[in-house]
Amino acid sequence: MTAHITIGIPSKGRLMEAAAQSFAKAGHAIDRTGSERGYRGKLVGLDSVSVAFLSASEIAAHLRDGKIEAGVTG
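Conventions we followed
Residues numbered from 1 in each chain as written. Predicted model: local features only at pLDDT ≥ 70, side-chain atom pairs only at ≥ 80, totals over all residues. Heavy atoms only, no water. Helix = DSSP H or I, 4+ residues; strand = E, 2+ residues; numbered from the N terminus. Expected span 1.5 Å × (residues − 1). Buried < 20%, exposed > 50% of the residue type's maximum accessible area, 1.4 Å probe, protein only. Arc of directions from axis to C-beta. Contact = heavy atoms within 4.5 Å. Phe/Tyr/Trp six-rings, centres within 6.5 Å; stacked < 30°, edge-to-face > 60°. Lys NZ or Arg CZ within 6 Å of the ring centre and 35° of its normal. Pairing = 2+ DSSP bridges.

Engineer: Provide a residue-level description of helix α1 (residues 14-25), including the pertinent values.
Structural biologist: A rise of 1.5 Å per residue sets the reference length of α1, with its 12 residues, at 16 Å; its end C-alpha atoms lie 16 Å apart and thus fit the reference within 8%. Residues of α1 that are buried: Met16, Ala19 and Phe23. With its buried residues spanning 65 degrees around the axis, α1 presents them on a single face. Exposed residues on α1 whose side chains face more than 90 degrees from its buried face are Arg14, Gln21 and Lys25. For α1, the elements touching its buried residues are β1 (5-10), β2 (30-32) and β3 (40-43). At the C-terminal side of α1, Gly27 shows a positive phi close to 95 degrees.

Below is the structure:
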């Protein structure tokens, strides 16, 4: 069984763009699931990793509460 990991990244702004560029440079582009304004996504090529688009404060709180396993924030 493969462990599932959720990464929180900012939902908008320069930090979201920088995070997306970093993942793409590593060969794993971020693909939003659902609508363009949706708050879920996945890393292309990594089926066990999903993305949650959150505000910076939500990323910190979700990490603290164990709702996500990793996060990118300022």
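Engineer: Got a sec to walk through the packing of aromatic side chains? Specific residues and values, please.
Structural biologist: Two aromatic rings are characterised by how far apart their centres lie and by the angle between their planes. All chains considered together, the criterion is met by zero aromatic pairs. Between Arg32 and the ring centre of Phe53, over which it is positioned, the NZ or CZ distance is 3.8 Å.

Engineer: Tell me about the sheet that holds β3, and name the residues and values.
Structural biologist: On the basis of which strands lie adjacent, the open sheet formed by five strands has the order β2-β3-β4-β1-β5 and mixed pairing. Either end of the sheet is taken by a strand with one partner, and the two such strands are β2 and β5 (70-71). In the sheet, β1 pairs with β5 via two bridges, with the strands oriented parallel. Looking at β5, one finds that Gly8 is bridged to Gly71.

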